[in-house]
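# Coordinates in review
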Amino acid sequence: MKIITKAISYGTYTTVATSIVGALALSLGTQAFANGPAGSKNDSAAKFRQLGQELPTPNVYRNASGAPGVDYWQQQADYKINVTLDEDKKQIKASESITYRNNSPDTLKYLWVQLDQNRFKDGSTARMSEIAAAAGSRRDRAGSGDSLSYNALRRIQAFEDTEHGHKITSVLGANGKPLNFVINDTMMRIDLPTPLKSKSSTKFSIDWQFNIIDEAAVGGRGGYEHFPKTDTYLYFLAQWFPRMASYTDYTGWQHKQFLGRGEFTLEFGNYDVNITVPSDHIVSSTGVLQNPEKVLTPLQRQRLSEASATNQVFVVTPEEALENEKGRATGTKTWRFKADNVRDFSFASSRKFIWDAKLHEQDSKKVPVVTAMSFYPNEAEPIWSKYSTNAVVHTMDVYSRFSFPYPYPTSQSVNTWERGGMEYPMITYNGYRPSADEETGKITYSRGIKHSLIGVIIHEVGHNYFPMIVNSDERQWTWMDEGLNTFLEYLTEYEWDKNFNILGGQTNPLDTISNYMQSSNQVPIMTQSDSILQFGPNAYSKPASSLVVLRETVMGRELFDHAFKEYAQRWMFKRPTPSDFFRTMEDASGVDLDWFWRGWYFGTDYVDVGITGMREYTIADQDPDVEKDKERQDYWRDNPEPITEIRNEAEGRKTYVERNKSLEDLYFENDKFTVTNKDRNSHKSFLKGLKGWERAVYDRAVEDGQYIYFVDFENIGGLVTPLPLTINYQNGDTENVMIPAEIWRLNSENITKLIIRKQPIASIDLDNAHQTADANYADNSFPAKIAQSRLEIYKGKRKSRNLMADMLVELENESKDEPGEADGKEVPLKSADKKPAGE
C-alpha cells in the first residue's frame, strides 16, 4: 500500500490520504495495516506456509488433487467361515477359508494376519505396557495415585480365571498341507511356499478357538454380557476371526500391534458365514440372512415382510423375548449370512432379543430400500423400541445427503452394553438403557440418557460410511474416521431435534472444545492413534469441531458440502490418507486451506482473539474557517475545564486579570483556535499543490463525510482464524462482516483493520454466533461489555470428625442391604509398614 507522502507534514492530512487508500483496500477484502515492521518477531509466515514436507509427494497411486491415481490399487480378501458359539464354555470354535488376491505391483513372500483376541493374552504388548492408571476396564480406570478400583481388581481377577487369546489349531494351504506360521503378539506371519506374484491369488485355511471375554469385567469391543437377575447372556462377537492385515501403497504391511486404542486397517472382500448357536437364540449379523425359512418361524417372516417406511414392526415382540429367555434350548441352529464388498464381519446372538424393523427408502438405483433393524433385551425398554430404529433411518438419510447413498441392504443397531458403542459393516453395538426408580421401581430415563442413546446410534451407524466404506487407516489416523464421523454426527443430531446435547451437555460443540484446546496435556490431531493424549477430544471432538468451523465460518456451506461429498465419493470403497482428504477439500472448493490444516491438525494452538482498541476519525475539511471551530469543540470535549476552576467560579472567585482589565490583550479574546490569514493562505497553497486526480479524491472524501475506524485485534491463542464481526451502528442498525483468516498472514499476533462507514459505529462485537471456537468472549467487544451472571448466596459449613459421636453409631446389618455398585470406588490398600496408603 502506498501512503501519499505529500500530506504527511500537515499532520491531519495523513488521515485523509490513508483513509482513501485504505478504503480501496477494504473493498478488495485485504488487510489495510499490519502492526510492526516487516520481519517483526512473529510466526505468521510459518502459519501460512504451504503444506510441503508434511504431505507425501503425489504419485501414480494418489494424485495431487487428492483423488486415486491412475494406478491406484488395493488388495482383496474373501472369507468362508463356519463358527460355533459354545454357550456352556463361553467359547468360539471356528474355521475359515481365505482367498487373498494380490492387486499390488509387488511380489509377496509372506502374508500377515491380525489376531486381535491376543490383545487379552497373558504377556501381550497391550497388557504388559499398561500403566497403573490405565489398568482398569473401559468403564473405570484403576484410580488416581497409589490406588486400585474395584473394577480394576475385577479385571485382574478375570484374567487370572480365564485364559484368553486366539488358539490357532491349524493353518493349511490350498493343497491341504500345513503352512509355516509365526505369531508375533497380535500379528501372525504366514510364509508362502511360492511367492505370490502381482495380480495373482492364493487360498489358505485357518482353524482356531478362543474364550469369549466378560466384557463388563475385561473391557473390549466384543464379548458377552451377563444378566444376573435372570441368569441370561447376550453375546456380541467382534474382532473374533483371524483377519488379513492390510498391504498398502503408503506403508506396505500395516502390522502395527493392536494395543487397544488404534483400531483397524482392513481389506474389502466377500463373506459367506455359517453361525451355529443355541436354537432359541436370535442372531443379528453383518450381511443378509440366506436361510430365513430354517431359522425363523413363519410368523416372524411374515412380520418382517410387513415392515415399511411408515410401519415399524416387531419381528420378535417384547413378550415373546421375555418368554424365550425363561428356558434354555439344548439344540442348535445354523444361521447363514452373506455380505459383499465389506471390510469386516460381526454378529450378536442371544435368546433375550426383541427384534424390530422398518424400511428406509433412498434415491439409489442399486439399493433403493434398506431394512433398518434393532435388537435389544427387555432391560432396554421402553426407550429402545421408540428411538433406536428411527435413529438408524435418520442417520442414513442425513449421512447420505453429505456423502453417497447407503450401499448395503441392511443397517442394524444392537443393544449390547451399558453405554458406549462400536461399529461394523451393517451392524452396530450401542449402549444406554433406562433405569428403575429406587423408591417406586418405575422405569424411567433422563434427557441425558435419551440424547446419549440417540447420539451413540447416530455415531455408530454413521461409521458405516466412515470408515466401513471410506476405508481409512484407523491404526494410524484415528481422526480420519472418528473425527469426520463425529462431525456428521453433529449435523445429524442438529436435524434430529432442537436443543440436542451435542457435546458436554451443550448444543454448540465450539463452546466446549475450547476447554480442551487450552489444556497443556495434548498433542496434535495428526498424532498416531496409540500415542494420543486425551483421546476423546483429540480424535473425536476437536477434528469434528474444526470441520464445523470450516463449513460455517471459513468456506461456507456451498463450497464445503460440495468438497466433502467429492472426497466421500472419490474414496468410497477405497483407502484414503490425510493428504487425500486435505487435497480434495482444496481441489474441489478452490480454497487454500493449508493454514487451516497446519493450525488445527498439525499444532496445538487455540482460538482466542480479542479486540484491544478502536479509534474513530472523520475526514478533515481542512478549510480553517470550518475546521478550527471543530478543533475547539474536540479540544474541550477531550480536555474539560479543570475542577479547580469550576469550583472557583462556583464560589464567585474572579481571576486577577478579570479584576484588572488593563492586563487584557489580543490573547484574552482569541484562543489558540482563532483563524488567521496565514491559516487561510496555507490551505490555499495545499489545494494548489494537489494534482488533478488528488484534488478530485480529496473533494469526494470531504463530500462523503464518512467515518473512519482503526480496530486493533490481538491473537492471544495463536491459532489464526477468520473474524466474524458484528458492527452495531448508533442508529440501531447492525451489519455482519466476515474478515478472512488471511488478514493474519503478515502478522499473526497483532493486526489493525481499517473500516470506513457512512454511519457512526457504536460498538463492534467479534464472533457473536460462537462460530470460531474462541476460548474467551470477555474481550470480544469494543467497548467492553459488562459480564452478566448470577450469584447464589450460601452458608459455608466446616466439616470435622466427632470421634465420640462416630463411636456411638451402630454397625449396620449387612444382610439387610444388597451389595452396592462398585464402579468408581477404590479398594482400601495398606502400605508395607501397615499404615494406610497415602499417610
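This text follows the structure it describes.
These lines cover the structure that appears in this document, whether it is placed above or below.

Here we have three strands laid out as an open sheet, ordered β27-β28-β31, and antiparallel in their pairing. For this open sheet the edge positions go to β27 (609–618) and β31 (750–757), each flanked by a neighbour on one side alone. Direction aside, neighbouring strands of the sheet carry axes that sit 20 degrees apart on average. Where β27 lies against strand β28 (residues 707–715), nine bridges are found, and the strand directions are antiparallel. Each bridged residue has a counterpart across the sheet, and for glycine 610 the counterpart in β28 is glutamate 714.

A word on the nonpolar core. Counting 178 residues, the largest nonpolar core has Trp240 and Phe581 as the members making the most contacts within it. Sort the elements by how many residues they give to this core and helix α9 (residues 383–402) lands first, with 10 residues. Filtering out sequence-adjacent residues up to four positions away, tryptophan 240 remains in contact with Ile81, Val83, Gln117, His166, Trp208, Phe210, Val273, Phe345, Ser346 and Phe347.

Let us now look at helix α4 (residues 150–161). For α4, which comprises 12 residues, the first-to-last C-alpha distance of 16 Å matches the rise-based estimate of 16 Å (1.5 Å per residue) to within 8%. Three or more residues of α4 are buried, namely Asn151, Ala152, Arg155, Ala158 and Phe159. Angularly, the buried residues of α4 cover 120 degrees about the axis, an arc narrow enough to put them on a single face. Looking at α4, the residues exposed on the side facing more than 90 degrees away from the buried face are Glu160 and Asp161. In the core, the buried residues of α4 are packed alongside α3 (125–128), β4 (148–149) and α5 (215–218).

Glancing now at the environment of glutamate 423. Along the chain, glutamate 423 turns up in strand β23 (residues 421–424). Note: C-alpha distance between glutamate 423 and aspartate 344 (79 residues apart in sequence) is 9.9 Å.

A full pass over the atoms with the stated rule returns 43 salt bridges. The salt bridge involving arginine 575 is made with glutamate 267; its shortest N-O contact spans 3.2 Å. A residue pair is termed long-range when its members are at least 10 positions apart, and arginine 575 in the loop between α14 (557–570) and α15 (578–587) and glutamate 267 in the loop between β13 (252–254) and β14 (269–278) qualify at 308 residues. Here the two residues arginine 575 and glutamate 267 agree in accessibility, since each one is buried. Across the salt bridge formed by lysine 628 and glutamate 631, the nearest N and O atoms sit 3.8 Å from each other. Of the two residues, lysine 628 and glutamate 631 are both situated in helix α17 (residues 624–638); the distance of three residues between them amounts to about one turn of the helix. You can call glutamate 631 partly exposed: its relative accessible area is 32%.

Counting along an α-helix, one turn takes 3.6 residues, and residues three or four places apart therefore face a common direction. Look at α14: 19 Å from first C-alpha to last across 14 residues, which is about the 20 Å you get at 1.5 Å a residue. All buried positions along α14 are accounted for by Phe560, Ala563, Phe564, Tyr567, Ala568 and Arg570. Against α9, α11 (479–496), α13 (535–555) and α15 lie the buried residues of α14.

This part covers the packing of aromatic side chains. With the rule as written, the count across this model stands at 56 aromatic pairs. Aromatic pair tryptophan 240 and phenylalanine 241: ring centres 5.0 Å apart, planes at 65 degrees, arrangement edge-to-face. The residues tryptophan 240 and phenylalanine 241 share a single accessibility class, namely buried. Relative to tryptophan 597, the ring of phenylalanine 582 lies with its centre 4.6 Å away and its plane at 25 degrees, an arrangement referred to as stacked. With a gap of 15 residues between them, phenylalanine 582 in helix α15 and tryptophan 597 in helix α16 (residues 594–601) connect regions that are remote in the sequence. A relative accessible area of 1% places phenylalanine 582 in the buried class. Here the guanidinium or amino end of lysine 90 rests over the ring plane of tyrosine 233, the centre of that ring lying 4.1 Å away. For the cation-ring pair, arginine 243 lies above phenylalanine 264, with the distance from its terminal atom to the ring centre recorded as 4.6 Å.

Rules behind the numbers
- Residues numbered from 1 in each chain as written.
- Predicted model: local features only at pLDDT ≥ 70, side-chain atom pairs only at ≥ 80, totals over all residues.
- Heavy atoms only, no water.
- Pairing = 2+ DSSP bridges.
- Helix = DSSP H or I, 4+ residues; strand = E, 2+ residues; numbered from the N terminus.
- Axes fitted to C-alpha atoms, helices over the stretch in contact; angles between N-to-C directions.
- Core = buried A, V, L, I, M, F, W, Y, C linked by side-chain atoms within 4.5 Å.
- Buried < 20%, exposed > 50% of the residue type's maximum accessible area, 1.4 Å probe, protein only.
- Contact = heavy atoms within 4.5 Å.
- Expected span 1.5 Å × (residues − 1).
- Arc of directions from axis to C-beta.
- Salt bridge = Lys/Arg side-chain N within 4 Å of Asp/Glu carboxyl O.
- Phe/Tyr/Trp six-rings, centres within 6.5 Å; stacked < 30°, edge-to-face > 60°.
- Lys NZ or Arg CZ within 6 Å of the ring centre and 35° of its normal.

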